[in-house]
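Topology and contacts: notes
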Amino acid sequence: MKILTAAAALSLAASAYAAPGNAELKQQVTDTERAFAATMAKRDFAGFTSLLSDEAVFHSGPKPLRGKEAISQWWKKYYEKPDAPFSWEPDDVEVLDSGTLAHSSGPVYDPKGKLIARFNSVWRLEAPGKWRIVFDKGQDVCNCKREAEQP
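Note that the structure is a prediction, hence the values are computed from the model and not measured.

Let us now look at the overall build of the chain. Secondary structure summary: the chain contains 5 helices and 7 strands in total. When the helices and strands of the chain are listed from N to C terminus, the series reads α-α-α-β-β-α-β-β-β-β-β-α. The buried share among the 151 residues of the chain stands at 31%. When contacts within the chain are restricted to residue pairs at least 6 apart in sequence, those whose partners lie at least 24 apart make up 43%. Taken as a whole, the chain presents about 9800 Å² of accessible surface, with 57% of it coming from carbon and sulfur.

Structure below.
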């Protein structure tokens, strides 16, 4: 009887906790990406580093940066001056059906609001509701129309 009661209690507890759906997970990642971008606007370097996975890889500079420490050292320069050198925001987020990995991308702007690049990031769910970035790569935006019009 005790085993049956314990099994019923476990079943009830499991049904009370429903895993987040894809829409909720996408919102979590979108909110996390926005919080990540806000660290630049607020000049919050500690906040930036808190969202890096220990084993993250960033394509910054001449070669990929591996690990939270290397990324932090490289990116610190972007947080040292009073004004942010760029800003970004997500405009596309997708999450795997497993709910453990996500991709975000969006525009990157210079301080005057000019579109200069697009970012692509991969986020991993490292604890319930806690997403950390594991890959990041930006791509400069080409003014291709203007270049195509030149003789």
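Along helix α4 (residues 68–75), the positions that sit buried rather than exposed are Ile71, Ser72 and Trp75. Along the axis of α4, the buried positions cluster into a sector of 100°, meaning they face one direction only. What points out from α4, more than 90 degrees from its buried face, is the exposed set Glu69 and Gln73.

Here we come to the pairing of strand β6 (residues 115–127). For strand β5 (residues 101–109) and β6, the ladder comprises 9 bridges, and the chain directions are antiparallel. Bridge assignment links serine 105 to a residue of β6, and that residue is asparagine 120. What sits between the antiparallel neighbours β5 and β6 is a turn of 5 residues, in which glycine 113 has the positive phi angle 95°. Relative to strand β7 (residues 130–140), β6 runs antiparallel, the two sharing 10 bridges. From the neighbouring strand, alanine 117 faces β7, where its bridge partner is aspartate 140. In this antiparallel pair of consecutive strands, β6 and β7, the connection spans 2 residues, and glycine 129 shows a positive phi of 75°.

The next point concerns the packing of aromatic side chains. Tallied over the entire structure, the rule returns 13 aromatic pairs. Between phenylalanine 58 and tryptophan 75, the ring centres sit 5.7 Å apart and the planes meet at 90°, which makes this aromatic pair edge-to-face. Of the two residues, phenylalanine 58 sits in strand β1 (residues 52–59) while tryptophan 75 sits in helix α4, which places them 17 residues apart along the sequence. Residue tryptophan 75 is classed as buried on the basis of its relative accessible area of 9%. Among the aromatic residues, ring-to-ring pairing joins Phe36, Phe45, Phe48, Phe58, Trp75, Tyr78, Tyr79, Phe86, Trp88 and Trp123 into one connected group. In this arrangement the basic side chain of lysine 77 is found over the ring face of tryptophan 74, its NZ or CZ atom lying 3.6 Å from the centre.

Membership of the largest hydrophobic core comes to 25 residues, with the highest contact counts inside it found for Phe36, Phe48, Phe58, Ile71, Trp75, Trp88 and Trp123. Going through the elements one at a time, α2 (22–41), β1, α4, β4 (92–95), β5, β6 and β7 are the ones with two or more residues in this core. Contact partners of tryptophan 75, with chain neighbours within four places excluded, come to Met40, Phe45, Phe48, Phe58, Ser60, Phe86 and Asp136.

The next subject is the side chain of serine 53. Here serine 53 shows up in strand β1. Serine 53 sits in the buried class, given a relative accessible area of 1%.

The rules behind the values
Residues numbered from 1 in each chain as written. Predicted model: local features only at pLDDT ≥ 70, side-chain atom pairs only at ≥ 80, totals over all residues. Heavy atoms only, no water. Helix = DSSP H or I, 4+ residues; strand = E, 2+ residues; numbered from the N terminus. Buried < 20%, exposed > 50% of the residue type's maximum accessible area, 1.4 Å probe, protein only. Contact = heavy atoms within 4.5 Å. Areas by Shrake-Rupley, 256 points an atom, 1.4 Å probe, with all protein chains shown as cover. Arc of directions from axis to C-beta. Pairing = 2+ DSSP bridges. Phe/Tyr/Trp six-rings, centres within 6.5 Å; stacked < 30°, edge-to-face > 60°. Lys NZ or Arg CZ within 6 Å of the ring centre and 35° of its normal. Core = buried A, V, L, I, M, F, W, Y, C linked by side-chain atoms within 4.5 Å.

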